[in-house]
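# Understanding the architecture of this molecule
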Amino acid sequence: MKQIFIGLFRIYQKAISPLTPPSCRFYPTCSHYGIEALEKHGAMKGLYLTIRRISKCHPFHEGGIDPVPDEWQKRSNK
């Protein structure tokens, strides 16, 4: 499952991304983040982290450096 998602990100990087102007607010880009999250945390957790990251991609979020966490941590409601 993990390899399928990574393959989809690679297709996006090779076929779709070059056709659009660079506009990512984050480093690493969301597609690189997704691949790294899937490799570090597996399909389910990696996909969750990637979706959470993509949901931040809007004009009201400042962006910046946002690396994949090394350890899985659930967000607490404190």
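Refer to the structure printed above.
Read on for a plain summary of the structure.

Basis of the calculations
- Residues numbered from 1 in each chain as written.
- Predicted model: local features only at pLDDT ≥ 70, side-chain atom pairs only at ≥ 80, totals over all residues.
- Heavy atoms only, no water.
- Salt bridge = Lys/Arg side-chain N within 4 Å of Asp/Glu carboxyl O.
- Helix = DSSP H or I, 4+ residues; strand = E, 2+ residues; numbered from the N terminus.
- Patch = residues over 30% accessible without salt bridge, like charges linked within 9 Å, V, L, I, M, F, W, Y side chains within 5 Å.
- Areas by Shrake-Rupley, 256 points an atom, 1.4 Å probe, with all protein chains shown as cover.
- Buried < 20%, exposed > 50% of the residue type's maximum accessible area, 1.4 Å probe, protein only.
- Disulfide = S-S within 2.5 Å.
- Expected span 1.5 Å × (residues − 1).
- Bend = angle between axes of the 7 residues up to and from the residue.

Tallied over the entire structure, the rule returns 4 salt bridges. Between Lys-40 and Asp-70 there is a salt bridge, and its shortest N-O distance comes to 2.7 Å. Here the residue Lys-40 occupies a position in helix H2 (residues 30–54), and Asp-70 occupies one in the segment after strand E2 (64–65), the gap between them amounting to 30 residues. Among the salt bridges present, the one from Asp-66 reaches Arg-53, with a minimum N-O distance of 3.7 Å. On the criterion of sequence distance, the pair formed by Asp-66 in the segment after E2 and Arg-53 in helix H2 is long-range, its members being 13 residues apart.

Residues Met-1, Ile-4, Leu-8 and Ile-11 make up a contiguous nonpolar surface patch of about 450 Å² in total accessible area. Given the relative accessible area of 53%, Ile-11 is considered exposed.

Tallying each qualifying case throughout the model produces 0 disulfides. No disulfide involves Cys-24; its nearest neighbouring cysteine sulfur is the one of Cys-30, lying 4.5 Å away.

So, about H2. Here H2 contains 25 residues, and its C-alpha end-to-end distance of 7 Å is more than 12% below the 36 Å for a straight helix at 1.5 Å per residue. Along H2, the sharpest change in direction is near 135 degrees and occurs at Gly-42.

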